[in-house]
Amino acid sequence: MTDHNEAQFTSAGTDINEVKRQNAEGGLSYNEVKKLLAQRGGVGTGIYSDTDVEEVKQQIHGKNQ
């Protein structure tokens, strides 16, 4: 059995435990962000978007006329 404190390396020489440690400190994962946004229903997320709302409305309404 392998000791969990013993360094484990990939064939390319990457320290697996170091990568896991850095990932744990890296913030939210992509799936965690998706889950958080889904739970909030997207409310208040407009500040994170660079979409021009008026341009989109014009595209939608312009095609319907």
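Only a predicted model underlies this, so the values are computations on that prediction, with no experimental measurement involved. (Residues numbered from 1 in each chain as written. Predicted model: local features only at pLDDT ≥ 70, side-chain atom pairs only at ≥ 80, totals over all residues. Heavy atoms only, no water.)

1. Section: the overall build of the chain
And step 1. Within the chain one finds three helices and zero strands.
And step 2. Helices and strands appear in the chain in the N-to-C order α-α-α.
And step 3. Within the chain, the proportion of its 65 residues that are buried is 0%.
And step 4. For the chain, the accessible surface area stands at approximately 6300 Å², while carbon and sulfur atoms represent 51% of it. (Helix = DSSP H or I, 4+ residues; strand = E, 2+ residues; numbered from the N terminus. Buried < 20%, exposed > 50% of the residue type's maximum accessible area, 1.4 Å probe, protein only. Areas by Shrake-Rupley, 256 points an atom, 1.4 Å probe, with all protein chains shown as cover.)

2. A few points about the pattern of salt bridges
And step 1. Counting across every chain of the model gives three salt bridges.
And step 2. Arg21 is the partner of Glu25 in a salt bridge, and the nearest nitrogen-oxygen pair spans 3.1 Å.
And step 3. Given a relative accessible area of 59%, Glu25 falls into the exposed group.
And step 4. Relative accessible area serves as the criterion here: at 38%, Arg21 is assigned to the partly exposed category.
And step 5. The partner of Glu54 in a salt bridge is Lys57, and the shortest N-O contact between them spans 3.8 Å. Here Glu54 and its partner Lys57 are both found in helix α3 (residues 53–64), three residues apart, which amounts to about one turn of the helix. (Salt bridge = Lys/Arg side-chain N within 4 Å of Asp/Glu carboxyl O.)

3. What about the confidence of the model for the chain?
And step 1. The share of residues in the chain with pLDDT of 70 or more is 88%, and the mean pLDDT across the chain is 81.
And step 2. Of all secondary-structure elements in the chain, the lowest mean pLDDT belongs to α3, at 82, while helix α1 (residues 16–24) reaches the highest, 91. (pLDDT = per-residue confidence, 0-100.)

4. Side note on a nonpolar patch on the surface
And step 1. On the surface, Leu28, Val33, Leu36 and Leu37 cluster together into a nonpolar patch covering about 320 Å² of accessible area.
And step 2. The residue Val33 is located in helix α2 (residues 30–40) in this model.
And step 3. With relative accessibility at 34%, the residue Val33 sits in the partly exposed group. (Patch = residues over 30% accessible without salt bridge, like charges linked within 9 Å, V, L, I, M, F, W, Y side chains within 5 Å.)

5. Things to note about the environment of Glu6
And step 1. Locating Glu6 in the fold gives a position in the segment before α1.
And step 2. Each C-alpha atom of the pair Glu6 and Asn17 lies 8.7 Å from the other, and the pair is eleven residues apart in sequence.

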